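As a plain string of letters, each chain reads:
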Amino acid sequence: MRRTWIALLLSALVTVAPSWATDGPDKEAAAKEAPAQTAAKKKPAAAAKKSAEKSVTEALSAEVEQLRQMMMQQSQQMEAQQKMMREQQERLNTLSEELRSAQAAASSAAAAAQEAKAEQGNAKVTEGQLEAVADATNDLTKKVAALDKDYQGEKKSLGDKIRAFGPFSFSGDFRLRDEPFIGGPCTAANCDSQVRNRARFRARLNLNAKFNDDISGGLSLASGDLNDPISTNQTLNQFYTRKPFALDRAFINYTPHQFKPLILTGGKFAYPWYRTELTWDNDLNPEGAAQTLQWNFTNKTPVIRRFAVVGFELPFTEVQHTSGVNRSRVQSVVYGGQVQAVWELASWLRLSTYGGYYNYHNPNSIALALATANGNPQTPANGLLALGGASSQNSVTTTTVRTIVTADVGGVPTPLPTGVTAVTAAQFASKFGLLNAIARFDIKTAYPRLPLVILGDYVQNTRACANVGSLPATGTTTTATAITTVTSSATCFSRERRGYWLEGRVGRLSEVKDIQFAYTRMFIEREAVMGAFNFSDLRQNSNVSQHRVEVFYQAYKNVQLGFTGLFGRPLNWHTSAAPEPILKRLQFDVIYKF
């Protein structure tokens, strides 16, 4: 517009200039000459006016063209912006559809998608808002990325959420094992006495629930021999029969909100105390009641990170009196406790310490449940369960009876043994008061996938051979109605009361392709532990020297491959016989967890 006004002003000046020239003394002469001059100058003025008007028009045209080009560029930018936003819209629609299909588990991600969608719909692009639109687009892109990340997280955890119904959650595992045995006791003619190869499996299913802030509990089912408390393995050698799958845990926990450090547990539950298989097998779930007081400390507290005290009462059987009119029952139970403390000695070093005591009250019922009569697995006369799974080497004195009947032989009454032998009594030479101390070091190395664990466990039976003075004399007594035999499995030496466990473990099993190596050295004297309840895969449960080598590989998220080599033999103290050859027991496992 400015240029247009300048052009009109110039045209006016050209028109007015001749009249300015005729003003003055020679006005009349000029008036006479005016027609001629006007005629002479008329043509140049018109030409100048046309030239000026042409220049203005050309300038205006150039400016208009420039503005048109700018508008075209702006339009192209807007189209590109709109195209990008349409693509984002399509992406959001796709994510929203996937999130809706993930049911309620992905509701938060779907809400975020709707919020992003609404924000995008409200974005208005105008000529003066291109920069604002670019900023809004950047924000939208970030929200879409966050939305996708949230969606992936929801999708990853969806499997866990599907397994949870209300307060209940499910988990479990299945293990398939090939287990060859090589070597064992030798004679002059045979060194293959324990060679075998068997297939086994283990299946477990857990159901846990948290009913409120105070009460939780759970149930577990597991495979295995019902009479074997220390193994959930099932051997595939029983003529294709159906396999037992029975209750392995049933417990309830009470943690009062008025006093959070206290946990009360009852039923058949997992160990509330820390232990190794030197004293208690991993597959055993004790029964009874337990009490835990625990305090966890933050980094504001120097060195100590946790302190706890655990007590437990674990009944395992009761026996009824059989003499006279006394029909009361005597309960057998383990009373015990443990003090626990965890120390952070450095940012890379943590020490966990545990001191415990296990007192077996009236343990002779275990000896009776383990006893057999010359290989005959007949149930003892008092009806105790025949306990399986343990090759206990604790010193035991056993009483067996064979009934004698009188028969007419050639007209002469003759006493004849029936051939049926029953176990009527069994008694440990020791009582069992086990003092147990454990120290564990957890070490962070320069490689996060290779943490190091070093663990030591020591146990001593403080009441070894305490029953020796009350044992019946060994030998055989015959009467008119019975043959009574008293035998002892081994002589009890009170100094054979200690057990040792040293374990080293490197690596972890938390992510795919993780690998873990471990070595364990076990040395258990005859009276050191209760042989019915410790590590089931030992060469024998006490009086044994054992080595274990382990390698595990995390092949997939829920699948592990494992190898365990067990190499052991009995201690040959108090005998001049040569040591027994090492029994090699190899375990090849595939483990699936869910």
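Only a predicted model underlies this, so the values are computations on that prediction, with no experimental measurement involved.

A. Structural view of the packing of aromatic side chains. Counted under the stated rule, the structure contains 23 aromatic pairs. Aromatic pair Trp295 and Phe307: ring centres 6.5 Å apart, planes at 25 degrees, arrangement stacked. A residue pair is termed long-range when its members are at least 10 positions apart, and Trp295 in strand E8 (residues 287-296) and Phe307 in strand E9 (residues 304-320) qualify at 12 residues. Accessibility expressed as a relative area gives 33% for Trp295, which makes it partly exposed. Take Phe307: its relative accessible area is 30%, and that puts it in the partly exposed class. Between Tyr500 and Phe523, the aromatic rings sit 6.3 Å apart at their centres with planes inclined by 45 degrees, giving tilted as the arrangement. In this pair, Tyr500 sits in strand E18 (residues 498-507) while Phe523 sits in strand E19 (residues 515-524), placing the two residues 23 residues apart along the sequence. Look at Phe523 and you get partly exposed, because its relative accessible area is 21%. Through pairs of rings, three or more aromatic residues link up here, namely Tyr271, Trp273, Trp280, Phe312, Phe316, Tyr358, Tyr360, Phe428, Phe432 and Phe533. In this arrangement the basic side chain of Arg196 is found over the ring face of Phe181, its NZ or CZ atom lying 5.6 Å from the centre.

B. Molecular detail of the confidence of the model for the protein. Averaged over all residues, the pLDDT of the protein equals 82, while 74% of them reach at least 70. Of the regions scoring below 50 in pLDDT, residues 38-42 engages in zero contacts with residues more than four places distant in sequence or in other chains. Scored below 50 in pLDDT, residues 122-127 makes nine contacts in the model with residues more than four places away or belonging to other chains.

C. Representation of the state of the cysteines within the structure. Under the criterion given, the structure shown has one disulfide. Here Cys465 pairs with Cys492 through a disulfide, and the sulfurs are 1.9 Å apart. Residues Cys465 and Cys492 are joined by a disulfide whose S-S torsion is about -95 degrees; by sign, that bridge is left-handed. You can see Cys465 sitting in the loop between strand E15 (452-461) and strand E16 (475-478) and its partner Cys492 sitting in the loop between strand E17 (482-488) and E18, a full 27 residues away along the chain. Of the two residues, Cys465 and Cys492, neither departs from the other in class, the shared state being buried.

Parameters and conventions
- Residues numbered from 1 in each chain as written.
- Predicted model: local features only at pLDDT ≥ 70, side-chain atom pairs only at ≥ 80, totals over all residues.
- Heavy atoms only, no water.
- Phe/Tyr/Trp six-rings, centres within 6.5 Å; stacked < 30°, edge-to-face > 60°.
- Helix = DSSP H or I, 4+ residues; strand = E, 2+ residues; numbered from the N terminus.
- Buried < 20%, exposed > 50% of the residue type's maximum accessible area, 1.4 Å probe, protein only.
- Lys NZ or Arg CZ within 6 Å of the ring centre and 35° of its normal.
- pLDDT = per-residue confidence, 0-100.
- Contact = heavy atoms within 4.5 Å.
- Disulfide = S-S within 2.5 Å.

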